Amino acid sequence: MEITETQYQQIEHCLPRQRGNVSHSNLQVLNAILYVAEHGCKWRGLPKRFGNWHTIYTRMNRWAKSGVLSHVFGQLQHQQIIRIRIETVSLDSTSIKVHPDGTGALKKTAPNPSENLEVDGPPKFIWLPQIPEQP
(Lines give C-alpha, C1' and ligand atoms only; values in the text may rest on other atoms or scores of the structure.)
Protein backbone atom coordinates (compact mmCIF):
# COMPACT_ATOMS: atom_id res chain seq x y z
CA MET A 1 0.00 0.00 0.00
CA GLU A 2 2.19 2.78 -1.31
CA ILE A 3 1.07 5.93 -3.03
CA THR A 4 2.63 7.21 -6.23
CA GLU A 5 4.00 10.67 -6.99
CA THR A 6 0.83 11.69 -8.86
CA GLN A 7 -1.37 10.54 -5.96
CA TYR A 8 0.88 12.39 -3.55
CA GLN A 9 0.44 15.64 -5.47
CA GLN A 10 -3.32 15.49 -4.74
CA ILE A 11 -2.73 15.58 -0.97
CA GLU A 12 0.55 17.48 -0.83
CA HIS A 13 -1.21 20.62 0.44
CA CYS A 14 -2.13 18.78 3.68
CA LEU A 15 1.47 18.15 4.69
CA PRO A 16 3.80 20.79 6.14
CA ARG A 17 6.44 22.25 3.85
CA GLN A 18 9.86 20.70 4.28
CA ARG A 19 12.50 23.10 5.53
CA GLY A 20 16.22 22.81 5.83
CA ASN A 21 18.30 19.75 5.12
CA VAL A 22 15.94 16.78 5.36
CA SER A 23 16.95 13.25 4.49
CA HIS A 24 13.43 11.87 3.82
CA SER A 25 10.78 13.38 1.61
CA ASN A 26 7.22 13.64 2.87
CA LEU A 27 6.19 11.04 0.30
CA GLN A 28 8.78 8.61 1.60
CA VAL A 29 7.67 9.17 5.21
CA LEU A 30 4.00 8.80 4.28
CA ASN A 31 4.69 5.52 2.47
CA ALA A 32 6.61 4.27 5.50
CA ILE A 33 3.69 5.15 7.80
CA LEU A 34 1.31 3.35 5.46
CA TYR A 35 3.62 0.32 5.47
CA VAL A 36 3.58 0.15 9.28
CA ALA A 37 -0.20 0.62 9.32
CA GLU A 38 -0.72 -2.15 6.76
CA HIS A 39 1.70 -4.71 8.14
CA GLY A 40 1.42 -3.87 11.83
CA CYS A 41 5.17 -4.18 12.29
CA LYS A 42 7.31 -2.38 14.82
CA TRP A 43 9.08 0.78 13.76
CA ARG A 44 12.41 -0.98 14.08
CA GLY A 45 11.14 -3.59 11.60
CA LEU A 46 10.69 -1.01 8.86
CA PRO A 47 12.53 -2.06 5.67
CA LYS A 48 15.75 -0.21 4.90
CA ARG A 49 14.35 1.19 1.65
CA PHE A 50 12.31 3.69 3.69
CA GLY A 51 15.36 5.01 5.52
CA ASN A 52 16.11 5.46 9.20
CA TRP A 53 13.12 4.26 11.23
CA HIS A 54 13.71 6.74 14.07
CA THR A 55 13.60 9.74 11.75
CA ILE A 56 10.34 8.50 10.25
CA TYR A 57 8.85 7.79 13.66
CA THR A 58 9.82 11.24 14.95
CA ARG A 59 8.18 12.98 12.01
CA MET A 60 5.08 10.77 12.27
CA ASN A 61 4.80 11.55 15.98
CA ARG A 62 5.08 15.28 15.30
CA TRP A 63 2.42 15.05 12.58
CA ALA A 64 0.10 13.04 14.84
CA LYS A 65 0.35 15.55 17.70
CA SER A 66 -0.31 18.52 15.43
CA GLY A 67 -3.30 16.87 13.69
CA VAL A 68 -1.63 16.67 10.28
CA LEU A 69 -1.76 12.88 10.15
CA SER A 70 -5.52 12.63 10.72
CA HIS A 71 -6.09 15.31 8.08
CA VAL A 72 -3.87 13.43 5.61
CA PHE A 73 -5.68 10.13 6.21
CA GLY A 74 -9.00 11.91 5.76
CA GLN A 75 -7.84 13.36 2.45
CA LEU A 76 -6.47 10.00 1.30
CA GLN A 77 -9.90 8.49 1.81
CA HIS A 78 -11.80 11.50 0.45
CA GLN A 79 -9.72 11.53 -2.75
CA GLN A 80 -10.20 7.72 -2.87
CA ILE A 81 -6.47 7.18 -3.14
CA ILE A 82 -6.50 4.43 -0.55
CA ARG A 83 -9.19 2.94 1.62
CA ILE A 84 -8.00 2.32 5.15
CA ARG A 85 -9.60 1.99 8.52
CA ILE A 86 -7.30 2.48 11.48
CA GLU A 87 -8.31 1.01 14.79
CA THR A 88 -6.43 0.90 18.02
CA VAL A 89 -6.14 -2.46 19.71
CA SER A 90 -4.06 -3.12 22.76
CA LEU A 91 -3.30 -6.59 24.05
CA ASP A 92 -1.23 -7.39 27.08
CA SER A 93 -0.26 -10.92 27.92
CA THR A 94 1.58 -10.03 31.11
CA SER A 95 0.25 -11.45 34.34
CA ILE A 96 1.43 -9.96 37.58
CA LYS A 97 0.37 -11.37 40.90
CA VAL A 98 -0.33 -8.68 43.44
CA HIS A 99 -0.11 -9.04 47.19
CA PRO A 100 -3.57 -8.83 48.80
CA ASP A 101 -2.58 -5.54 50.46
CA GLY A 102 -2.05 -4.04 47.02
CA THR A 103 -5.53 -4.87 45.71
CA GLY A 104 -7.45 -2.67 48.10
CA ALA A 105 -8.68 -5.56 50.23
CA LEU A 106 -9.36 -4.93 53.87
CA LYS A 107 -6.27 -5.41 55.94
CA LYS A 108 -6.22 -7.60 59.00
CA THR A 109 -5.46 -5.65 62.13
CA ALA A 110 -4.06 -6.91 65.37
CA PRO A 111 -6.56 -7.03 68.23
CA ASN A 112 -6.10 -4.39 70.92
CA PRO A 113 -6.94 -6.18 74.17
CA SER A 114 -7.59 -3.99 77.15
CA GLU A 115 -6.28 -4.60 80.63
CA ASN A 116 -9.63 -5.90 81.84
CA LEU A 117 -10.28 -9.38 80.40
CA GLU A 118 -13.85 -9.39 81.73
CA VAL A 119 -14.72 -6.43 79.48
CA ASP A 120 -13.07 -7.99 76.42
CA GLY A 121 -14.40 -11.46 77.14
CA PRO A 122 -12.68 -14.60 76.02
CA PRO A 123 -10.58 -14.39 72.87
CA LYS A 124 -12.81 -14.89 69.85
CA PHE A 125 -10.56 -16.82 67.50
CA ILE A 126 -8.03 -18.39 69.79
CA TRP A 127 -8.86 -21.28 72.07
CA LEU A 128 -6.92 -21.10 75.30
CA PRO A 129 -7.00 -24.12 77.56
CA GLN A 130 -8.24 -23.31 81.07
CA ILE A 131 -6.12 -24.71 83.86
CA PRO A 132 -8.23 -25.28 86.95
CA GLU A 133 -6.93 -23.62 90.06
CA GLN A 134 -5.50 -25.95 92.64
CA PRO A 135 -6.45 -25.28 96.25
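Here the structure is a predicted model, which means the values were calculated and not measured.

Caption draft 1: Representation of the nonpolar core within the structure. By size, the foremost hydrophobic cluster in this structure holds 26 residues, and its most contacted members are Ile3, Ile33, Leu46, Val72 and Leu76. Of all elements in the fold, only α1 (5–11), α2 (26–39), α3 (53–66) and α4 (68–78) reach the threshold of two or more residues within this core. No other element matches α2, which puts eight residues into this core.

Caption draft 2: Examining the side chain of His24 more closely. Along the chain, His24 falls in the loop between α1 and α2. Other than its neighbours up to four places away in sequence, His24 contacts Gln18, Val29, Phe50, Gly51, Asn52, Thr55, Ile56 and Arg59.

Caption draft 3: Examining the pattern of salt bridges more closely. Across all of its chains, the model carries one salt bridge by this definition. For the salt bridge of Arg49 with Glu2, the shortest nitrogen-to-oxygen distance reads 2.5 Å. Here the residue Arg49 occupies a position in the loop between α2 and α3, and Glu2 occupies one in the segment before α1, the gap between them amounting to 47 residues.

So, how was this worked out
Residues numbered from 1 in each chain as written. Predicted model: local features only at pLDDT ≥ 70, side-chain atom pairs only at ≥ 80, totals over all residues. Heavy atoms only, no water. Core = buried A, V, L, I, M, F, W, Y, C linked by side-chain atoms within 4.5 Å. Buried < 20%, exposed > 50% of the residue type's maximum accessible area, 1.4 Å probe, protein only. Helix = DSSP H or I, 4+ residues; strand = E, 2+ residues; numbered from the N terminus. Contact = heavy atoms within 4.5 Å. Salt bridge = Lys/Arg side-chain N within 4 Å of Asp/Glu carboxyl O.

Keep in mind that these numbers describe shape and distance, not what the molecule does.
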